[in-house]
Amino acid sequence: MRSLLNVLVIVLSAALGLVLIGVILESPSPARVRLSEEVLMQIGASGVTHPVTAVLLNFRGYDTLLEVMVLLLALLGVLAQMGKQKRENPPAGFYLTEPRMQVLLWLARVLVPLMVLVAGYLLWAGGHQPGGAFQAGAVLAAAGVLLNLSGLLPSWMEPAWNLRAGLVSGLLVFLLIAAAVMMTASPGLLLQYPPASAGMLILLVETGLTLSLGLILAGLFLFLSGDAIDDEADK
Amino acid sequence: MFDPVPWLILLPLVWGCLTFLTGVGRGGRLVLAGLIIQLVLTIILARQIVMEGARHYAVGGWGAPLGVDLYVDGLTGIMLLLTHVVALPLVVYARAYFSSQAEGASYFWPLTCFLLAAMNALFMSADIFNIYVTLELLGLAAVGLVAAAGSAGSVTAAIRYLLVTLLGSGAYLMGVALLYGTYGSVSLAVLEPLLATTEISAAACLAAMLMLAGLLLKTALFPFHFWLPPAHGGAPAPVSALLSALVIKASFYLILRLWFDLFAPLVTTQAAQLLGGLGAAAILWGSILAFNQTRLKMLVAYSTVAQIGYLFLLFPLMTSAIPGAAESAMQGGVMQLVAHALAKAAMFAAAGVMVLSAGKDDIALLGGMSSHLPLTLFTFALAGITLMGLPPSGGFIAKWLLIDSAVSGGQWGWVVVMILGGLLSAAYVFKVLRQAFLPPVAGIKFKPVIRMLEWPAFLLALISLLLGFRSVEVLNLLGAA
């Protein structure tokens, strides 16, 4: 019965794949909207010069606002789960006594400051070339994971108020700016940056997001990396 | 003129972030205050829609196709009002519920705020990619709420729910990608005329099938209902109520929108008949399974499977060429949506009180409940009246309109299904009521419950019952264009 179901799923997926290939090879509709041209036409008013950043943070900034909330929600799901399990934190420097770990330790100490620098650069670069808050946040998170794996940063437990504040501060800044630009102009629309200050506001939003996204992404690893205590060990 | 549209999205997001900041299990009072503000905003918005008609809102001031557009019309207004009218008593209920049972409270408040934000954003969105983002937000919030109950069973249900919801939104996203590849836009206002005027492409057909299949999976229409009972039945009662009353309605709302607007040039009468047939199967099969349950919350969850079926009867009824028939089918479908949301929220809330008091989720242990928790049992019965479709409830108006449409359109088969479904729902509601009037099972001790648990549920049931008297206002709002 189960293998029959598997065969059915495989056949259906293969059929869908073939149909998809056939459909994609079909030429696009002649009445197609040329969106990229429109982006390039309006980019002067967006406050940034890189089209991807212009779309993500200005033209479709509303999607981004919801997307970062999705990331926070993913972390909430993880937190809701780990609340049930008791976890033990290996003390910082746990691995450090082993001589072969010295290389890792040295590497981490060299790399992590560089990673922070790279994150700052990516954040700044986002305005005019590929980069931005998501990439910068991911680099920050990777730095956190590296520190944790090399035993320099303990795994996170139930977050205290300062960590919680860090996790949501960037999102709150985004929400605040979204509301502020709406209220200061009249009639203002949600996320309608005034062209003159758009570049500065976008950089502000991205700075906040870099911090919070870095913490959120790092949290997805660091909240789960502590060793769960078995029930038997409890007894 | 003050415009509530952006605030209905921003405010719940702010409450979500703030309640996360205040810490585990806290922030209920903030959510309550926030929801009252939002309810006032939705009432203002509904009045604006009635007075001035439907309108677009260009986020960022760019307008489609470059930016994201929002769109509010009568149906949006009904969905927003319904969401807040159901959520507000449930928040009061949840505060009382988690004060007597801490299990599952951990991140309930931020998750609920994000859930409401996702629903508000989804109802107002006029951009198929933006709708995908709201679907993700909604799905993840709902999974988080199911998982928060903590027992092994609820984690299994949550993971299954997560996989289903990801599969559903994945299929939807594939359809969005196909449409974007073919037409170069994700805005409904741009896509609609393009689909209507150009030759129908294979890509558009495949996209329609993928998007609708994904949404049907999320709506749990028979035979995609397998994930719903464990997820809704296993969650803490306030969560079950939110999910069963509101969350599945969100994906149904999208099916309704896409079917009659974007994909109107593609859909056929046969496809509508197929949806109606699945709906009929859901009504019968869901009701029979509900009757066979031994656990109270599972019975209520299977009743949701059955009641979803009625919503899908409107698709074949809308194909009728007789002018009045299609209109009353739409009205009946929307009334059913509203009435079921109110009644199911009340029923899950009442079931939660009974389970909390008995200490165990088992219908056989309900004996004596009639004298111990008369108000809660009364709530359960009132909600049952709406589900059965007895006058003067909202469910009666809904089924009346649907049957009226079926009769005048000459589609007699659906009338039989609806009457049978009503009888079957009476059977499972009376199964619970009968047990509650029996003498208590020896050795069982009911725990006392606080009154703030009983009254919000009663209020919801009362609204669902009295909806029948005020249905004209609801239908007026629906007709506002």
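Residues numbered from 1 in each chain as written. Chains lettered and ligands numbered in written order. Predicted model: local features only at pLDDT ≥ 70, side-chain atom pairs only at ≥ 80, totals over all residues.

**Comments concerning the overall build of chain A**
Logical step 1: For chain A, the helix and strand inventory stands at nine helices and two strands.
Logical step 2: Going residue by residue from the N terminus, the α and β elements of chain A occur as α-α-α-α-β-α-α-α-α-β-α.
Logical step 3: Taken across its 235 residues, chain A has 34% of its residues classed as buried.
Logical step 4: Look at the contacts in chain A between residues 6 or more apart in sequence, and 75% of them connect residues 24 or more apart. (Helix = DSSP H or I, 4+ residues; strand = E, 2+ residues; numbered from the N terminus. Buried ≥ 20, exposed ≤ 12 C-beta atoms within 10 Å, placed from the backbone. Contact = placed C-beta atoms within 7 Å.)

**Let's talk about the overall build of chain B**
Logical step 1: Along the backbone of chain B there are 20 helices and two strands.
Logical step 2: Projected onto the principal axes, the alpha-carbon positions of chain B cover approximately 70 × 55 × 40 Å.
Logical step 3: Taken across its 481 residues, chain B has 63% of its residues classed as buried.
Logical step 4: Within chain B, residue pairs in contact and separated by at least 24 positions form 81% of the contacts whose partners lie at least 6 positions apart.

**Let's talk about the interface of chain B and chain A**
Logical step 1: The interface is formed by 49 residues belonging to chain B together with 47 residues belonging to chain A.
Logical step 2: Of all the secondary-structure elements, those providing two or more residues to the side of chain B that touches chain A are α1 (5-22), β1 (55-59), α4 (108-124), α5 (128-147), α6 (152-183), α7 (188-197) and α8 (202-219) of chain B.
Logical step 3: Here the side of chain B that touches chain A gets eleven residues from one element, more than from any other, and that element is α5 of chain B.
Logical step 4: Split by residue class, the side of chain B that touches chain A holds 33 nonpolar, 15 polar and one charged. (Nonpolar A, V, L, I, M, F, W, Y, C, P; charged D, E, K, R; others polar.)

**Some thoughts on the nonpolar core**
Soluble globular proteins tend to bury their nonpolar side chains together.
Logical step 1: Formed by 260 residues in total, the largest nonpolar core has its most connected members in Val146 and Ala349 of chain B.
Logical step 2: Residue contacts for Val146 of chain B: discarding those within four places in its chain leaves Ser154, Ala157, Ala158, Tyr161, Ala231, Ala235 and Val239 of chain B. (Core = buried A, V, L, I, M, F, W, Y, C linked by C-beta atoms within 7 Å.)

**Quick look at the environment of Leu176 of chain A**
Logical step 1: With respect to the helices and strands, the residue Leu176 of chain A is situated in helix α7 (residues 161-184).
Logical step 2: Between the alpha carbons of Leu176 of chain A and Gln129 of chain A there is a distance of 26 Å; along the sequence they are 47 residues apart.

**Considering the packing of helix α4 (residues 61-82) of chain A against α4 of chain B**
Logical step 1: Contact pair α4 of chain A / α4 of chain B: the axes reach a minimum separation of 11 Å and the direction vectors enclose 150°. One way to sum up the angle between α4 of chain A and α4 of chain B is to call them roughly antiparallel. Seen along the crossing, α4 of chain A lies across α4 of chain B with a hand that is left-handed. Counting all contacts with α4 of chain A, which are made through Leu66, Met69, Leu73 and Leu76 of chain A, the residues of α4 of chain B involved are Pro110, Leu111, Phe114 and Ala121 of chain B.
Logical step 2: Looking at side-chain class alone, the contact of α4 of chain A with α4 of chain B contains eight nonpolar, no polar and no charged residues. (Axes fitted to C-alpha atoms, helices over the stretch in contact; angles between N-to-C directions. Parallel < 35°, antiparallel > 145°, perpendicular 65-115°, else oblique. Left-handed = near helix turned anticlockwise from the far one by under 90°.)

**Overview of the confidence of the model for chain B**
Close inspection of predicted coordinates is inappropriate in any region flagged by low pLDDT.
Logical step 1: Model confidence for chain B is summarised by a mean pLDDT of 93, while 99% of its residues fall at 70 or above.
Logical step 2: Two numbers describe this predicted complex: its pTM, 0.94, and its ipTM, 0.92. (pLDDT = per-residue confidence, 0-100.)

**Some thoughts on the environment of Asp361 of chain B**
Residues and elements named next belong to chain B.
Logical step 1: With respect to the helices and strands, the residue Asp361 is situated in the loop between α14 (323-358) and α15 (369-372).
Logical step 2: Since 19 C-beta atoms lie within 10 Å of it, Asp361 is described here as partly exposed.
Logical step 3: Note: C-alpha distance between Asp361 and Leu296 (65 residues apart in sequence) is 6.0 Å.
Logical step 4: Those residues in contact with Asp361, other than ones at most four positions away along the chain, are Arg295, Leu296, Lys297 and Val355.

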